[in-house]
Amino acid sequence: MHIFIAFLHHLAAFGLVSALVAELALLQLSFSQEVAKKIRAFDALYGACAGLIVLMGALRVMYFEKAPDYYLHSAPFLLKMGLFALVGLISLYPTIVFLKWGASLKAGALPPLSAGQRQNLLRILALELFGVLGIILAAVLMAKGVQI
Ligand code: HEM
C-alpha cells in the first residue's frame, strides 16, 4: 500500500508541474477563447493535483513512512510545508483570474486580459515553478534525513 501512496504522491507532483508549464506556455500564445478554456482546464488539473499531493503527503506522514515525530523534527520537512503554503497562496491570484474568465466564456466573449495582467500572471506562474523546485529539494533532504 505504501508504494501505491508514494506513486500517487509523485504522480500528482509531476502532474502539478506539467499543469504549471502548460499554463505558462499557453499564456504566451495569442489570446483566444480556445486558449482561455485550455488554461482553465490546466488550472483545474493543477488544483486536483495539489489536493492529491496534500492528501497523499498527509497519509505518508501519518501512516506510511517514518513516524510523524520524524517529520515534525525535520527542518527540510517544515521548509517544504512552508514553501507549499507559499506556492498555494500565490497561486490564488492566477486561479481567481482564470475563474473570472468563466462569465465571458459562457457569454461567448473573449475574457479581458491586459498586457500588464498577462505579465503578472507569467511572473507568478514562474515563481510557483521555482517554489516547487525548492519543495523537491526539501523533499529529498527530508527523505534522506539531512538536517539544515
Ligand atoms: C508540490 C508539493 C510537493 C512535491 C513536489 C513533493 C515531492 C516529493 C518528492 C519528490 C518526494 C520523494 C523524496 C525522496 O524519496 O527522495 C516526496 C516525499 C514525501 N512527501 Fe512530498 N511533495 C509535495 C508536497 C507534500 C506535502 C504537502 C506533504 C505532507 C502533507 C508531503 C509529504 C511527503 C512525505 C511524508 C514524503 C516521504 C519522505 C520519506 O521518504 O521519508 N509532500 N515528496
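Residues numbered from 1 in each chain as written. Predicted model: local features only at pLDDT ≥ 70, side-chain atom pairs only at ≥ 80, totals over all residues. Heavy atoms only, no water.

Engineer: Explain the site of the ligand to me, please; I cannot follow it from the model alone.
Structural biologist: Lining the immediate surroundings of the ligand are 20 residues, of which His9, Ile53, Lys66, Tyr71 and Lys80 lie closest. Take His9: an N or O atom from its side chain is 2.9 Å from a nitrogen atom of the ligand. Measuring from an oxygen atom of the ligand, one finds a side-chain N or O atom of Tyr71 at 2.6 Å. At the level of secondary structure, the elements contributing two or more residues to the shell around the ligand comprise helix H1 (2–26), helix H2 (33–64), helix H4 (75–90) and helix H6 (115–143). Residues that form the shell around the ligand fall into these classes: 13 nonpolar, three polar and four charged. (Near = heavy atom within 4 Å. Polar contact = N/O pair within 3.5 Å; in protein donor to acceptor, adjacent residues only side chain to side chain. Helix = DSSP H or I, 4+ residues; strand = E, 2+ residues; numbered from the N terminus. Nonpolar A, V, L, I, M, F, W, Y, C, P; charged D, E, K, R; others polar.)

Engineer: It is not clear to me how the nonpolar core should be interpreted in this structure. Could you clarify?
Structural biologist: What tends to happen in soluble globular proteins is that the nonpolar side chains get buried as a cluster. Counting residues in hydrophobic clusters, the biggest one holds 26 residues, and the most contacted among them are Leu16, Leu27, Ile39, Phe98 and Trp101. A total of seven residues in this core trace back to one element, the largest contributor, which is H2. Setting aside anything within four residues of it in sequence, one finds Leu27 in contact with Ile39, Phe98, Leu113, Arg118, Leu121, Leu122 and Leu125. (Core = buried A, V, L, I, M, F, W, Y, C linked by side-chain atoms within 4.5 Å. Buried < 20%, exposed > 50% of the residue type's maximum accessible area, 1.4 Å probe, protein only. Contact = heavy atoms within 4.5 Å.)

Engineer: In this structure, what is going on with the coordination of the iron atom of the ligand? I would like to understand it.
Structural biologist: In a perfect tetrahedron of four donors around a metal, the angles come out at 109.5 degrees. In a perfect octahedron of six, they are 90 or 180 degrees. Taken together, His9 (NE2) and Lys80 (NZ) make up the protein donors of the iron atom of the ligand, found 1.8 to 2.0 Å from the metal. By relative accessible area, His9 is classed as buried at 13%. Accessibility expressed as a relative area gives 10% for Lys80, which makes it buried. (Donors = N, O, S within 2.8 Å, 3.2 Å for Na, K, Ca; no water.)

Engineer: Explain the UniProt feature "transmembrane region" (unreviewed entry) in the protein chain to me, please; I cannot follow it from the model alone.
Structural biologist: According to UniProt, the positions carrying the feature "transmembrane region" (unreviewed entry) are residues 43–63, 83–101 and 121–143. Here residues 43–63 runs as 100% helix and 0% strand, with 30 Å between its end C-alpha atoms. A helix fraction of 100% and a strand fraction of 0% characterise residues 121–143, whose end C-alpha atoms lie 33 Å from each other. (UniProt positions renumbered as here; feature names shortened; annotations may be inferred.)

Engineer: What should I look at first to understand the packing of aromatic side chains in this one?
Structural biologist: To describe a pair of aromatic rings, you give the distance between the ring centres and the angle between the ring planes. Counted by the stated rule, this structure contains five aromatic pairs. Plain terms: the ring middles of Phe98 and Trp101 are 5.0 Å apart, the flat faces sit at 55° to each other, and that makes the pair tilted. Within this pair, Phe98 and its partner Trp101 are both found in helix H5 (residues 92–106), separated by three residues, close to a single helical turn. On the basis of relative accessibility, which here comes to 2%, the residue Phe98 falls in the buried class. A relative accessible area of 2% places Trp101 in the buried class. Among the aromatic residues, those joined into a cluster by ring pairs are Phe31, Phe98 and Trp101. (Phe/Tyr/Trp six-rings, centres within 6.5 Å; stacked < 30°, edge-to-face > 60°.)

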